[in-house]
Structure formats: C-alpha cells, structure tokens
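Listed below, chain by chain, are the residues.
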Amino acid sequence: MNRLVYLILSVSLAWTLSAQQIYVGTHSKNESKGLYSSQLNQDGTLKETKGLLLELGTTVVIQKKGSSLIYSCGVGEKKQHGLIQCFDTQTGKLIDTVSSSDSRPCYLALSKDQSTIYVSNIKDGSVCAISLNKDGSFAELISKVIIEPAGKRFAPHACVVSPEGEYLFVPDIAGYRLCRLKIDQVSGKLKYLDSIQSELFQGPRHMTFDPEGKRAYMVNQMGEAITVFTYGKGILKILGNVRTVPDDQLDINNHIAEIKLHPSGKYVYASNRGHNS
C-alpha cells in the first residue's frame, strides 16, 4: 500500500502548479478573498504573491491541459447562484464567467478530452456539465443531475472523472456514499447509475486516482481516514481505511480537507483541519 505522508497546512487551499507559478484559491471569512498567484522558488519559499480574481471566495482551481487557462468557482456578491470563471494566466485576463446553475459550487473537473467542465454544487445538491468552446470559454449547460438523497439531502462535495473518462464519481458527504455517474462520450451529458455505501465512509469529501488508474483514494471529512479502492472497468472495490492522524490523537476535533497524489504515485498527501497537519 502506498505510504501516507503528513502534510503541514495552515489553511485549506485549492491549488494548481504551472511551471514555477502557483495559483491558489482561498475561501475564508478573513482577509483572503479569491484567486492568487505566487512565484515558487527552488528552496520551496514563495514570493510576489498577488491577487488575480478577488470577487469570489474561490473554492477550487484547475488547469486546462496543454493551455494557459485555469478555471475557478465560488459565490458572487449576491450569493445566489455560484459562478465559474475562466482565467488566462498568460495574458492575465478574465476570459469568461458563467453560472454554476445552483448554489455553492465547491469542486470542478474537466472531461478527459477537455471539452466539458463538471461542477458540484453542494448547497442545493446538483452536479452539472457545461460544454466549452474551442477557446476555453463556456458554451452551454448540457446536463444537470440531482440524485435522490440517501440522508437528509444530496450534498456532492466533489466530482472526479475516472481514468478512462467514462464515469464521474461524486462523494456525497451528507449521504455517506460515493455516487457513480455515466458520461456520454458524444454529448458529455451525465446519467446517474448507482452508489457505493460502507460503514467505512464517514463524510466522503474528495478523492483521486493514481497515475496508473488502478487505485483510488477518498478522504472522509469526519472520519480521520482515507478509504483505499482498487479500480477497473468502471468498478471501485474497497480495500480498507488508513488513518490520517496517530491512534492516540483521535479524540481531537479534526476534519480532513484535501487529498493529493505525488506524480510518481508513491505518496498520498492529506490535510487535517484541527490536528493541523
């Protein structure tokens, strides 16, 4: 099993790396307001931090492969529907803005061919697909899926495209389940198929696949654990849970925030809010 490494984080950040430039999405009640960029030095220090898009409390940042475009999402000033923004890091210009079609967007993902962007709206409970134009701007809403609640409500906290690009996996943090949706390979539209439920799931939040596409890792926000799966032909099978904090420190108020894999696939990184590690 891959080794779990404790990662020190002072805040929960969504980030993407482009060459030596880091783009950070912040979402807090303090001074942080949105999307920032910073220069990454070889010694690991940061400099020249500057604000890029400060209208939204940005919850996630993703990059379009093979381009200088990044996408972020958050809540506008009127706090009605959430917004998704496309920003060109090369020109420093905002390319486009579109409604996320529901309240509180919290996660973005791009289809394998980069032609469609998917968004999880956690407050009203929907997963939407929006097609993209060739220049990366937003075309139209092509799919909106609301899954029948397994608990009090459907609360999608992420949307993760499978390695072969045929499925979208959606952790439902309120329903304590992992939902599987089929991606139409022609239209990009979504269709709900089924869900995985387990006693090991304690608030499913975020997940990721390894570089080979044979394993997946999902953090449980309230469970201080990462659930490990095998993956093949659209099917996830549970192997078990791995703790993110020492066994003698399980009595603290801790919530896991994010999970990332090293490009080599040898290391899993998770951030703990409460344990502050």
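Calculation rules
- Residues numbered from 1 in each chain as written.
- Predicted model: local features only at pLDDT ≥ 70, side-chain atom pairs only at ≥ 80, totals over all residues.
- Heavy atoms only, no water.
- pLDDT = per-residue confidence, 0-100.
- Contact = heavy atoms within 4.5 Å.
- Phe/Tyr/Trp six-rings, centres within 6.5 Å; stacked < 30°, edge-to-face > 60°.
- Helix = DSSP H or I, 4+ residues; strand = E, 2+ residues; numbered from the N terminus.
- Buried < 20%, exposed > 50% of the residue type's maximum accessible area, 1.4 Å probe, protein only.
- Lys NZ or Arg CZ within 6 Å of the ring centre and 35° of its normal.
- Pairing = 2+ DSSP bridges.
- Axes fitted to C-alpha atoms, helices over the stretch in contact; angles between N-to-C directions.
- Core = buried A, V, L, I, M, F, W, Y, C linked by side-chain atoms within 4.5 Å.

Some details on the confidence of the model for the protein chain
Low-pLDDT portions of the prediction should not be read for the details of their coordinates.
(1) Moving on: Residue-level pLDDT values for the protein chain average 84, and 83% of them are 70 or greater.
(2) Moving on: Confidence over residues 1–15 falls short of pLDDT 50; this stretch has 45 contacts with residues more than four positions distant or in other chains.

A few points about the packing of aromatic side chains
(1) Moving on: Evaluation of the coordinates by the stated rule reveals five aromatic pairs.
(2) Moving on: Centre to centre, the rings of Phe169 and Tyr231 are 6.0 Å apart; their planes meet at 90°, and the pair counts as edge-to-face. Highlighted residues: Phe169 in strand β15 (residues 167–172) and Tyr231 in strand β20 (residues 225–232), separated in sequence by 62 residues. Taken as a pair, Phe169 and Tyr231 share a single burial class, namely buried.
(3) Moving on: Here a set of aromatic residues connected by ring pairs shows up, and it is made of Phe169, Phe209 and Tyr231.
(4) Moving on: We note Lys182 situated over the ring of Tyr167; from NZ or CZ to the ring centre the distance is 4.5 Å.

Thoughts on the pairing of strand β10 (residues 105–110)
(1) Moving on: Here β10 lies mainly inside the structure; six of its six residues are buried.
(2) Moving on: Adjacent in sequence and paired antiparallel, β10 and strand β11 (residues 116–121) are bridged by five residues, among which Gln114 carries a positive phi angle near 65°.

Points about the sheet that holds strand β7 (residues 69–75)
(1) Moving on: Reading across from one edge, β6-β7-β8-β9 is the order of the four strands in this open sheet, with antiparallel pairing throughout. The open sheet terminates on both sides in strands that have one partner only, identified here as β6 (60–63) and β9 (93–99). Across this sheet, the average inter-strand angle for adjacent strands is 20°, counted without regard to direction.
(2) Moving on: The pairing of β6 with β7 spans four bridges and is antiparallel. Bridged to Val61 within β7 is Ser72.

Notes on the nonpolar core
(1) Moving on: Counting 34 residues, the largest nonpolar core has Leu168, Leu190, Met207 and Leu236 as its most contacted members.
(2) Moving on: Setting aside residues no more than four positions away along its own chain, Leu236 makes contact with Phe169, Leu178, Ile196, Met207, Phe209, Ala216, Phe229, Thr230 and Tyr231.
(3) Moving on: Core analysis: the next-biggest nonpolar cluster, separate from the first, contains 15 residues, Val60, Cys86, Val119 and Cys128 among them.

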